[in-house]
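Fold and contact review
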Amino acid sequence: MQRRQFLLWTLGGTTALALGVSLYVDEEIANLSEHEKPHDLLLGALIPVLLEGALPEISKHRVDAINRTLDAVNQTLKWLPKAQRQELEQLLDMLENRFGLLLLSGSMTPLMLRSPNELVEMLESWRSSWMALLQQAYLGLRELLMASYYACPEHWDRLNYNKPKLAL
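Residues numbered from 1 in each chain as written. Predicted model: local features only at pLDDT ≥ 70, side-chain atom pairs only at ≥ 80, totals over all residues. Heavy atoms only, no water.

In this section: the overall build of the chain. The helix and strand tally for the chain stands at eight helices and zero strands. In the chain, the succession of α and β elements from N to C terminus is α-α-α-α-α-α-α-α. Looking at the chain as a whole, 29% of its 168 residues qualify as buried. Summed over all atoms, the accessible surface of the chain reaches about 12100 Å², with 59% contributed by carbon and sulfur. (Helix = DSSP H or I, 4+ residues; strand = E, 2+ residues; numbered from the N terminus. Buried < 20%, exposed > 50% of the residue type's maximum accessible area, 1.4 Å probe, protein only. Areas by Shrake-Rupley, 256 points an atom, 1.4 Å probe, with all protein chains shown as cover.)

Below, the structure is given as structure tokens:
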């Protein structure tokens, strides 16, 4: 076997292996109940980064706010126009796929395993990117999470907003 053939076989084998790992669906993930949403782990990693300063400091309240925001995100996605919902779903799917993550962030490390500083750096690079697609991805995620967080009435106090009262 020549060196060139060896390198080609190695590259092909590595690609096939990476594709297989990417397409493999763990049984636990495949058997999620309807209550568990498919992107909650990913969004749960991004919410503390994108909502830094807005989330409560107390651990229990922080977890409650993140869970409430995840529920609001899932409700928001249902009400978005079909085209926007599909774009956001495609972005979230790419962020959960190793190849998509490699293309978007330059690393195959899942977002859930990255430190908050690494997530901030990735999102800042998207925000200031010369590629409009990455800027759109940043803005889409940010607007989805911000709108979902502040859609919850318990967070209105931080905005000094009070629900209008109905005049009888």
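Past the structure itself, the notes keep going.
Another aspect to go through is the packing of aromatic side chains. What describes a pair of aromatic rings is the distance from one ring centre to the other and the angle between the planes of the rings. Applying the stated criterion across every chain yields a total of one aromatic pair. On the basis of an interplanar angle of 85° and a centroid distance of 4.8 Å, the ring pair of Y149 and Y150 is categorised as edge-to-face. (Phe/Tyr/Trp six-rings, centres within 6.5 Å; stacked < 30°, edge-to-face > 60°.)

With 19 residues, helix α8 (residues 132-150) extends 26 Å between its outermost C-alpha atoms, agreeing within 8% with the 27 Å of an ideal straight helix rising 1.5 Å per residue. Of all the positions in α8, only L134, A137, Y138, L141, L144, L145, S148 and Y149 are classed as buried. Projected down its long axis, α8 shows its buried positions confined to an angular sector of 140°, all on one face. Contact partners of the buried residues in α8: α3 (40-50), α4 (59-79), α5 (82-96), α6 (98-105) and α7 (116-127). (Expected span 1.5 Å × (residues − 1). Arc of directions from axis to C-beta. Contact = heavy atoms within 4.5 Å.)

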